[in-house]
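Observations on the three-dimensional arrangement
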Amino acid sequence: MSRRVAILAVFGALLTAGSARAAVDPALMSHLAPRHLLAEVGKPVPPKPVFDSGFTVEASHGYEIKVFTFGSAVILEAMHRDHRHLAAAVYLARGVATPQRLQATFGNLGKVSMRFRPPRKGSGRNSVCRFGERLTKRRGTYVGSFVFRGEGGYVAVHLHRAKGKIVTPAGRCPRRHLTHAQVEKLLEGLFEPVSGLLADSREGVTTTTLFAIARKRGSAFLAAHEETHGRLAIIRLVIVKGRKGFRANEAATAVDLSPPAPFHGTGRYHAEPDGTTTWIGPLSVNFPGAPRFPLTGPSFETFIEIPF
């Protein structure tokens, strides 16, 4: 259930944000990682990391690559986003994850071996407040070797230096409180009629999830896939917003989903009088590294919610 809660939390942020870029902060991607996958790629995994270190670089085909730590796992995140959608692939590997050093192998896709160097002049330190917690940021340069080529060549990067940072907790700071108008707006959103569809398929530790919500302001769609390859765990994610794409009848017995790109095709849900349901159609999505990934079929368990 923790995986679904994490997905719903990020999806809720998408619905309230003004764009896909604002909807999902890259730091939230680590919280999408299912606990069982984190346990496989690195032990022990604390409920909250005591530090966050890593670097972010621009790569080929408009992708942004971030390499960072979570517990004792090294995470590589390849993200492509614009005002309409966000697509990402997250690779979790067992390795050396310390504030000063990042080292891991991502199967046959690449590897990273980088050490942190502070700036030659100044401390490179500054302090920020986030959600009532004070954080100290130490900026510097990671030096070493980083090579990665995504499945099918959807992204590639090869470098020896990258600007990065180490973030550590430094106590508490004043928490900002919501205004009365902001509270009213949040309550309005909670009680707004919402139609939704959740389709979930699980085979061992491999899971595929499709989640769609339709509101007055439009529809939003999330597709996620989790898989493991030995000591490498991979999570792929697509989030997109659109004005249309969700059609349901009042009897809550039929739903058609036609999300915008990078989705393709239509998925059709139908409930029979005897209680059996079907989820069929040529609906697929272009995940980073896994194009035209199917999102329908008999392996999916489907749930729908239609307001009165």
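In what follows, the structure referred to is the one given above.
Summarised in this report is the structure supplied together with it. (Residues numbered from 1 in each chain as written. Predicted model: local features only at pLDDT ≥ 70, side-chain atom pairs only at ≥ 80, totals over all residues. Heavy atoms only, no water.)

It is worth spelling out the overall build of the chain at this point. From N to C terminus, the chain includes five helices and 21 strands. The buried share of the chain, taken over its 308 residues, is 48%. The long-range share in the chain, meaning contacts at least 24 apart out of those at least 6 apart in sequence, stands at 54%. Roughly 16,000 Å² of accessible area belongs to the chain as shown, and the carbon and sulfur atoms make up 56% of that amount. (Helix = DSSP H or I, 4+ residues; strand = E, 2+ residues; numbered from the N terminus. Buried < 20%, exposed > 50% of the residue type's maximum accessible area, 1.4 Å probe, protein only. Contact = heavy atoms within 4.5 Å. Areas by Shrake-Rupley, 256 points an atom, 1.4 Å probe, with all protein chains shown as cover.)

Taken as a whole and assessed by the stated rule, the structure comprises five salt bridges. Ionic pairing is found between Arg-84 and Asp-82, a salt bridge with its closest N-O pair at 3.9 Å. According to the relative accessible area criterion, Arg-84 is partly exposed, its value standing at 39%. Within this structure, Glu-151, Glu-227 and Arg-236 form a network of salt bridges that share partners. (Salt bridge = Lys/Arg side-chain N within 4 Å of Asp/Glu carboxyl O.)

Quick look at the packing of aromatic side chains now. Taken as a whole and assessed by the stated rule, the structure comprises eight aromatic pairs. Pairing Phe-116 with Tyr-142 gives two aromatic rings, centres 5.2 Å apart and planes at 65°, and the pair type is edge-to-face. Here Tyr-142 lies in strand 8 (residues 133-149) and Phe-116 lies in strand 6 (residues 110-117), a separation of 26 residues in the sequence. For Phe-116, a relative accessible area of 6% puts it in the buried group. A relative accessible area of 0% places Tyr-142 in the buried class. Both rings, one in Phe-287 and one in Phe-293, keep their centres 5.5 Å apart while their planes meet at 65°; by these two values the pair is edge-to-face. According to the relative accessible area criterion, Phe-293 is buried, its value standing at 18%. An aromatic cluster of at least three residues, connected via ring pairs, comprises Phe-55, Phe-116, Tyr-142 and Phe-146. Between Lys-66 and the ring centre of Phe-68, over which it is positioned, the NZ or CZ distance is 4.7 Å. (Phe/Tyr/Trp six-rings, centres within 6.5 Å; stacked < 30°, edge-to-face > 60°. Lys NZ or Arg CZ within 6 Å of the ring centre and 35° of its normal.)

What follows is about the environment of His-264. If you trace the backbone, His-264 turns up in strand 16 (residues 263-264). Residue classification places His-264 among the partly exposed residues on the basis of a relative accessible area of 22%. A sequence separation of 30 residues divides His-264 from Pro-294, and the C-alpha atoms of the two residues are 9.5 Å apart. Of note is the side chain of His-264, whose polar atom sits 3.0 Å from the side chain of Asn-286. (Polar contact = N/O pair within 3.5 Å; in protein donor to acceptor, adjacent residues only side chain to side chain.)

Turning next to the sheet that holds strand 16. Taken together, three strands build an open sheet; the order of strands is 16-19-20 and the sheet is antiparallel. Here the strands that pair on one side only, and so sit at the sheet edges, are strand 16 and strand 20 (290-294). (Pairing = 2+ DSSP bridges.)

Let's shift gears to the pairing of strand 4 (residues 85-98). With 10 of its 14 residues buried, strand 4 lies for the most part within the structure. Relative to strand 4, strand 3 (residues 73-81) is paired through nine bridges, and the arrangement is antiparallel. Considered in strand 4, the bridge of Ile-75 is made with Leu-92. Here strand 3 folds back onto strand 4, and the loop between the two strands holds three residues. Here nine bridges tie strand 4 to strand 13 (residues 232-242), and the two strands are oriented antiparallel to one another. Across the sheet, the residue bridging to Tyr-91 is Ile-234, located in strand 13. Pairing of strand 4 with strand 5 (residues 101-105), which is carried by four bridges, proceeds in the antiparallel orientation. Its bridge partner being in strand 5, Gly-95 is matched across the sheet by Ala-104. Between strand 4 and strand 5, which pair antiparallel one after the other, the connecting turn spans two residues.

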